[in-house]
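# Overview (structure and organization)
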Amino acid sequence: MEYPFEIGPIRPVDESDSLLIRTTRNCPWNRCEFCVNYHGQPFSIRSVEEIKRDIDEAVGYFNGHPFTSCFLQDGDSLIMKTADLLNVLGHLKKRFPTLETISSYGRAWSISRKSPEELQEICSAGLNMLYCGMESGSDAVLEMMKKGVTSREIISAGIHAKQAGIFLSEFVISGLGGTRHWIDHATSTALALNEINPDKIRVLTIGVKKGSGLEKKLLAGEYFLQTEENIIEEQRLMLESLSGITSHYANHHGVDLLIEARGKLPEDKDRLISIMDRFLNLTDNDKLNFILGRRLGIYNCLGDLNDTHRYEAVETQFRKIDFNTRDDLEALFHSLRAKVV
């Protein structure tokens with residue numbers, strides 16, 4: 001679709017119905033081993049004049065559509081000078097007066113660079129929600145993935161944002177630690193989340209992208225993928241270790257195996273764990289059937305296993321697969337995960 005204004009390449013799943021306004025191009029860090037979104041693309045901050053022109057173009061293009069949410073692209077709008085960001089936010093609210101939420105990605109480093117007063121000003125001006133890709137609370141995993149921050153810095157930034165009144169959504173990547181670090185990844189991430197108490201916890205599942213630094217580690221034997229079952233064991237351990245927080249927790253992306261694992265903490269914690277247990281307690285055949293069915297888009301949730309037509313459709317697909325070992329199957333499952341955008 002052609003727009004008369006600039007649109008960046010990605011947005012969070014939760015922003016599917018939002019107005020998109022591009023304030024920066026690409027990512028100011030762009031070194032994370034698992035990410036290929038901005039490979040080879042230089043980072044730049046767009047001028048206030050450019051951004052305001054795009055806002056004006058969007059008003060005409062959408063012909064008065066009453067947007068209630070707007071997402072500021074690309075990788076980190078908080079890296080803008082505070083005065084410039086406030087200028088943009090003021091113009092955005094003026095031209096789209098129905099906006100209730102304005103959101104952006106925000107790296108822990110960028111959040112920490114703003115004073116409490118600056119963050120409060122930014123929130124009051126309308127940028128009242130941030131998506132922070134913590135990915136892990138394990139320093140070993142953060143270092144391996146070249147995140148450029150420590151767990152303590154992530155925690156400090158998250159608390160800093162919340163104290164300013166900003167609604168905070170933290171992303172976690174299940175399976176990111178691989179077979180070597182999965183226990184530390186689960187428990188340390190839970191400990192970090194317990195300190196931050198973000199408004200939302202959004203779980204994604206690792207799929208090693210072609211051309212990523214993580215793919216190089218995988219091929220070099222420096223990183224080993226967990227099985228689908230072990231990734232769920234890891235997520236169960238993380239859930240079990242969450243304590244004293246009031247976050248909304250969700251597997252919310254097509255790459256996640258147990259997409260029905262969504263709920264409010266602490267009241268839904270036992271139900272969320274029971275979803276993990278229901279999968280882990282399946283027979284081996286049913287477990288493999290469900291994994292392949294999810295990865296092929298035949299199943300949506302665990303209850304679909306009871307649909308005999310779908311179950312047999314998955315079994316038919318199994319009969320077409322050439323595999324000799326369980327490792328062959330896990331490689332297939334991973335390749336299907338990695339293709340999910």
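Reading the values: rules and limits
Residues numbered from 1 in each chain as written. Predicted model: local features only at pLDDT ≥ 70, side-chain atom pairs only at ≥ 80, totals over all residues. Heavy atoms only, no water. Helix = DSSP H or I, 4+ residues; strand = E, 2+ residues; numbered from the N terminus. Rg over C-alpha atoms; globule rule 2.2 N^0.38 Å. Buried < 20%, exposed > 50% of the residue type's maximum accessible area, 1.4 Å probe, protein only. Contact = heavy atoms within 4.5 Å. Areas by Shrake-Rupley, 256 points an atom, 1.4 Å probe, with all protein chains shown as cover. Lys, Arg positive; Asp, Glu negative; His and termini not counted. Charge placed at Lys NZ, Arg CZ, Asp CG, Glu CD. Expected span 1.5 Å × (residues − 1). Polar contact = N/O pair within 3.5 Å; in protein donor to acceptor, adjacent residues only side chain to side chain. Phe/Tyr/Trp six-rings, centres within 6.5 Å; stacked < 30°, edge-to-face > 60°. Lys NZ or Arg CZ within 6 Å of the ring centre and 35° of its normal. Disulfide = S-S within 2.5 Å.

### Description of the overall build of the protein chain
A tally of helices and strands in the protein chain yields 13 helices and 10 strands. A globule of 341 residues ought to have a C-alpha radius of gyration of about 20 Å, and the protein chain, at 21 Å, matches this closely. If one aligns the C-alpha atoms of the protein chain with their principal axes, the spans along those axes are about 60 × 45 × 40 Å. Considering the protein chain as a whole, with its 341 residues, one finds that 52% of them fall into the buried category. Long-range contacts, defined here as pairs at least 24 residues apart, represent 75% of the contacts in the protein chain between residues at least 6 apart. Just so you have it, the protein chain exposes about 15100 Å², and 50% of that area is on carbon and sulfur atoms. Computed over 40 positive and 49 negative side-chain charges, the separation of the two mean positions in the protein chain equals 3 Å.

### With respect to helix α12 (residues 308-320)
For the α-helix, the turn length of 3.6 residues means that residues three or four positions removed from each other point alike. The end-to-end C-alpha distance of α12 is 19 Å, a good match for the 18 Å that 13 residues give at a rise of 1.5 Å each. The backbone nitrogen of His 309 has a side-chain oxygen 3.0 Å away, supplied by the residue at the start of α12, namely Asp 307.

### What about unusual backbone geometry?
Look at the link from Gln 73 to Asp 74: it is a cis peptide, with omega at 0°. Positionally, Asp 74 belongs in the loop between β4 (69-73) and α2 (82-95). Residue Pro 266 follows Leu 265 across a cis peptide bond; omega there is 5°. By the secondary structure assignment, Pro 266 is in the loop between β10 (262-264) and α10 (269-280). Phi at Asn 197 is positive, roughly 50°, even though this residue is not glycine.

### Considerations on the packing of aromatic side chains
As enumerated under the stated definition, the model contains 15 aromatic pairs in all. Pairing Phe 290 with Tyr 299 gives two aromatic rings, centres 5.7 Å apart and planes at 15°, and the pair type is stacked. There is no split in this pair, since Phe 290 and Tyr 299 are both buried. By the ring-pair criterion, three or more aromatic residues cluster together here, those being Tyr 3, Phe 5, Tyr 61, Phe 62, Phe 67 and Phe 96. The side chain of Arg 31 reaches across the aromatic face of Trp 29, ending 4.1 Å from its centre.

### Brief notes about the state of the cysteines
For the structure shown, the criterion picks out 0 disulfides. Not engaged in a disulfide, the cysteine Cys 123 finds its nearest cysteine sulfur in Cys 70; these two sulfurs lie 15 Å apart. The class of Cys 123 is buried, set by a relative accessible area of 15%. Free cysteine: Cys 132, not disulfide-bonded; nearest cysteine sulfur from Cys 32 at 11 Å. Overall, the relative accessible area of 3% leaves Cys 132 in the buried class.

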